[in-house]
Amino acid sequence: MAVLGLLTGGVLDYLKIGPFSDKGEKVSFGQQAPAGSGGQAGGNNGAQPVADSKVLMPTGPEAEFKNVNTLGDGTHIAVTTLEGKKSGFTGKVWVWAPKEYGEAKFANSGFPVLIALPGGPGFPDNYWMGTNLKLQSSISKWYAEGKSKPFLLAMPVLNPKNNGTYWDGSDIPGQPKMGTWLTDDVPDLMKQNFRTIKSRDGWAFMGSSSGGFAGMKAVLKHPDRFKAAIASGPDIVPDSPLWKGHKKEMDENNPELLAKDLIAKGGPEVYIAFQYGTREDPITINGVKKFVATYGKGPVHTNVKVIEGGKHDAYTYVPSMGQGPIQWISEQLSDPVPAS
């Protein structure tokens, strides 16, 4: 898979101390209800959960988050080490909540979640957690402009190690279960620590390169849980050498075959916004074009943003997201939902 071209300097941006003194300090996202309130964990001001609510209050246990970046609006990007109960894999996950999450008018509201996946090695870091790419500040800006939902962000590692091999965001036999890690353990972490939305209307992916592949594949493989994805410069078919001898399992993680099956079943409906730059590898461009022409029908809704002069680069993809893709998927997803 292609390595996204931003591994110099920017990836380690979060290590720079900068003007902030709270780097490394514990961050709470309001997981705990007031003592003696009788309410669920989750900063729900003691309100009792409503049986038929569309909101899932944080279930706990509370993770230990430590600050790695503080944005200009005072929000924090924090990291925790997650021991995946379902995958058996242990790795880092960075999280961020927009300032609206802490506002009184949203105190009991569940928020939509966007799981952001990197390209390149995808380990030991996820480059979306750096402030250099401006993903978090852009989401806040786009929300203010009416283009985006105020997403909670989950930014997990994509691969179990950095050795030049990719795991295709999948459970490859005999390998760490990275598919389960991304689609079960990471969402569970968000449900344990944040007010989220119960239905798939509150869950989406975004990713670049190999992360774009993993995100769109997750939506096509689990359309009952995830509704939309932004795939920027993605690979279209699995190509990890670790699939050798496991064709059946590889086919079960092939977006083309998953889309074909979803079309045959007639749903559920999913929404995939593609992006690619005109200066990308023709393999990437042609792969997206072929997928859209062949499988962009029935319940598989697609949208394509062509970035004139754009390269295979996350610095290119983020501004372009604000020119259509983030609004297109946001129109399919839920606003923050009050608990009652």
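This text gives an overview of the structure that appears in the document. (Residues numbered from 1 in each chain as written. Predicted model: local features only at pLDDT ≥ 70, side-chain atom pairs only at ≥ 80, totals over all residues. Heavy atoms only, no water.)

## Some remarks on the sheet that holds strand 13 (residues 300–307)
The criterion, for reference: Any two strands are treated as partners once DSSP identifies two or more bridges connecting them. A helix here means a DSSP run of H or I that spans at least four residues, while a strand means a run of E at least two residues long, and both kinds are numbered starting from the N terminus.
Strand order in the open sheet formed by 10 strands is 1-3-4-5-8-7-10-11-12-13, with mixed pairing between adjacent strands. Where the open sheet ends on each side, the last strands, each with one partner, are strand 1 (26–27) and strand 13.

## Points about the packing of aromatic side chains
Where we set the bar: Pairing of aromatic rings covers Phe, Tyr and the six-membered ring of Trp, with a centre-to-centre limit of 6.5 Å; geometry is then stacked below 30 degrees between planes, edge-to-face above 60, and tilted otherwise. Accessibility here uses a 1.4 Å probe with only protein chains present; expressed as a share of the type maximum, an area under 20% marks a residue as buried, one over 50% as exposed, and anything in between as partly exposed.
Within the structure shown, the criterion is met by 12 aromatic pairs. Relative to F194, the ring of F29 has its centre 5.0 Å away and its plane inclined at 45°; by these criteria the two rings are tilted. Taken as a pair, F29 in the loop between strand 1 and strand 2 (55–56) and F194 in the loop between helix 2 (178–193) and strand 9 (196–197) lie far apart in primary sequence, 165 residues in all. According to the relative accessible area criterion, F29 is buried, its value standing at 9%.

## Observations concerning the side chain of Q275
Which entries qualify depends on this criterion: Residues adjacent in sequence count toward polar contacts only when both atoms are side-chain atoms; beyond that, a polar contact is any pair of N or O atoms within 3.5 Å, and within protein one must be able to donate a hydrogen and the other to accept it. Note on contacts: a residue pair qualifies if any of its non-hydrogen atoms lie within 4.5 Å across the two residues.
Summarising the element assignment, Q275 is placed in strand 12 (residues 270–277). Among the polar contacts listed, one links the side chain of Q275 to the backbone nitrogen of M321, at a separation of 3.2 Å. Ignoring anything within four residues of it in the chain, the contact list for Q275 reads I230, A231, S232, G233, P234, K305, I307, Y317, S320, M321 and P325.

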